[in-house]
Amino acid sequence: MSQHITLPPLREVIKKHGLTASKALGQNFLFDMQLLERIAAVPGSLDGQSVFEVGPGPGGLTRALLQAGAHVTAVERDERCLPALSELSGHFPDKLTLINDDALALDHGSLFDGPFHILSNLPYNVGSALLVKWLSAPQWPPQWQSLTLMFQREVADRIIAQPGSSAYGRLSILAQWRSTAKLAMTVHRSAFTPPPKVMSAVVHITPEAQPEGVDFAKLEVLTQTAFSQRRKMLRQSLKKLPGGLEALEQAGIDSQRRPETLAVSEFVELARLLS
């Protein structure tokens, strides 16, 4: 059950362990516990739930997740952060599993016996790659029940973008063709130490039913090809894709349209024809 344990202030923990955010690892630390508690509350009650966290750093969000009653598995490749995280294990016996590894190299599903939620203030340099890894899960619905992820605001905008906007593209379609993606909150740069140059935002993604007869790999190639020349008409970009122009014709989509004008459902229909 959720429990409120009095912990030493995060700033003290960081000072004690001599921690600074590593630019090379894309780290920015969050100290505002109220904000961290709000992020932990986005997916709903986590009491007794399994949660996967990537790049916990000194453990600000980890604290909020543990206080909410979650069982947390955290992957941190920065060895400097492990002593501070290990101290948290002492306050929450059997609730925190620490893995010192690179999250991109791990099979995340194998870490859990059943379903789990993913919550993370993602290191900026691997955020998009991890998101695509989770969105491209071969089995669907996936083992993860929800994604609550902090990104740079411009990446968040691309994930939730609608057709016709300049942010709309490959990431929007991958995030929306079999999931719902929402902006949960924006986070001012001043909330971080050190403050990044840009604003951040938390995105919440939940899986939906997958459209029938669509191969993920085909959708990925289709969106990559279409948006590689986003200013050009589809007849230009899709002629490089075997069957691309035929699929446009079969779907009754005007080949003079530009890729950012197509709805997610139209890309799904093209991918179905290519599958």
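In the block above lies the structure referred to throughout.
Residues numbered from 1 in each chain as written. Predicted model: local features only at pLDDT ≥ 70, side-chain atom pairs only at ≥ 80, totals over all residues. Heavy atoms only, no water.

## A word on the overall build of the chain
Looking only at helices and strands, the chain features eleven helices and nine strands. Against the globule reference of 19 Å for 275 residues, the chain gives a C-alpha radius of gyration of 20 Å, in line with a compact fold. Structurally, the chain occupies a C-alpha span of about 65 × 40 × 30 Å along its principal axes. Taking all 275 residues of the chain together, the buried fraction comes to 48%. (Helix = DSSP H or I, 4+ residues; strand = E, 2+ residues; numbered from the N terminus. Rg over C-alpha atoms; globule rule 2.2 N^0.38 Å. Buried < 20%, exposed > 50% of the residue type's maximum accessible area, 1.4 Å probe, protein only.)

## Observations concerning helix α4 (residues 82-91)
Among the residues of α4, those classed as buried are L82, A84, L85 and L88. Angularly, the buried residues of α4 cover 165° about the axis, an arc narrow enough to put them on a single face. (Arc of directions from axis to C-beta.)

## A few points about the pairing of strand β4 (residues 96-99)
Examined bridge by bridge, strand β3 (residues 71-75) and β4 share four bridges and lie parallel to one another. Its bridge partner lying in β4, V72 is registered against L96. (Pairing = 2+ DSSP bridges.)

## Remarks on the nonpolar core
Ranked by size, the top nonpolar core spans 55 residues in total, and within it L131, W134, L147, F151, I159, I205 and F267 carry the most contacts. The greatest single-element share of this core, amounting to six residues, is contributed by helix α11 (residues 264-274). Those residues in contact with F267 that lie beyond four places of it in its chain are Y168, I173, L219, L222, T223, A226, F227, P259 and L262. Of all hydrophobic cores here, the second largest spans 24 residues; its members include I39, A40, L61 and M150. (Core = buried A, V, L, I, M, F, W, Y, C linked by side-chain atoms within 4.5 Å. Contact = heavy atoms within 4.5 Å.)

## Regarding the packing of aromatic side chains
Using the criterion set out here, one finds seven aromatic pairs in the structure. A network of ring pairs unites the aromatic residues F52, F112 and F116 as a single cluster. Against the face of W140 rests R178, its NZ or CZ located 3.7 Å from the ring centre. (Phe/Tyr/Trp six-rings, centres within 6.5 Å; stacked < 30°, edge-to-face > 60°. Lys NZ or Arg CZ within 6 Å of the ring centre and 35° of its normal.)

## Quick look at the environment of E154
Secondary-structure assignment places E154 in helix α6 (residues 153-160). Take E154: its relative accessible area is 51%, and that puts it in the exposed class. Separated by 13 residues in the primary sequence, E154 and A167 place their C-alpha atoms 7.9 Å from one another.

## Quick notes on the side chain of T73
Within the secondary structure, T73 sits in strand β3. Ignoring sequence-local partners within four residues, the contact set of T73 consists of V51, F52, E53, T97, I99, L111 and F112.

## Re the sheet that holds strand β5 (residues 116-121)
One open sheet holds the seven strands; their spatial order is β4-β3-β2-β5-β6-β9-β7, and the pairing between them is mixed. Each having just a single partner strand, β4 and β7 (179-187) make up the two edges of the open sheet. Mean inter-strand twist for the sheet, computed between neighbouring axes without regard to direction, equals 20°. In this sheet, strand β9 (residues 200-207) lies alongside strand β6 (residues 144-152) in antiparallel orientation, the contact comprising six bridges. Bridge assignment links L147 to a residue of β9, and that residue is I205. Together, β2 (50-54), β5, β6, β7 and β9 form the strand contacts of helix α5 (residues 127-135), whose direction differs from that of β6 by roughly 160°. (Axes fitted to C-alpha atoms, helices over the stretch in contact; angles between N-to-C directions.)

## Notes on helix α3 (residues 60-67)
Buried residues dominate α3, accounting for eight of its eight residues. Every buried residue of α3 is listed here: G60, L61, T62, R63, A64, L65, L66 and Q67. The first or second residue beyond α3 is G69, which carries a positive phi of 95°.

## Some points on the pattern of salt bridges
Scanning all chains against the criterion turns up six salt bridges. Residues D78 and R80 are paired through a salt bridge, measuring 2.7 Å at the closest nitrogen-oxygen approach. A relative accessible area of 6% places D78 in the buried class. Salt-bridge contacts for D157 lead to R153; the nearest nitrogen and oxygen are separated by 3.0 Å. With D157 and R153 both in helix α6, this residue pair falls four residues apart, about one helical turn. (Salt bridge = Lys/Arg side-chain N within 4 Å of Asp/Glu carboxyl O.)

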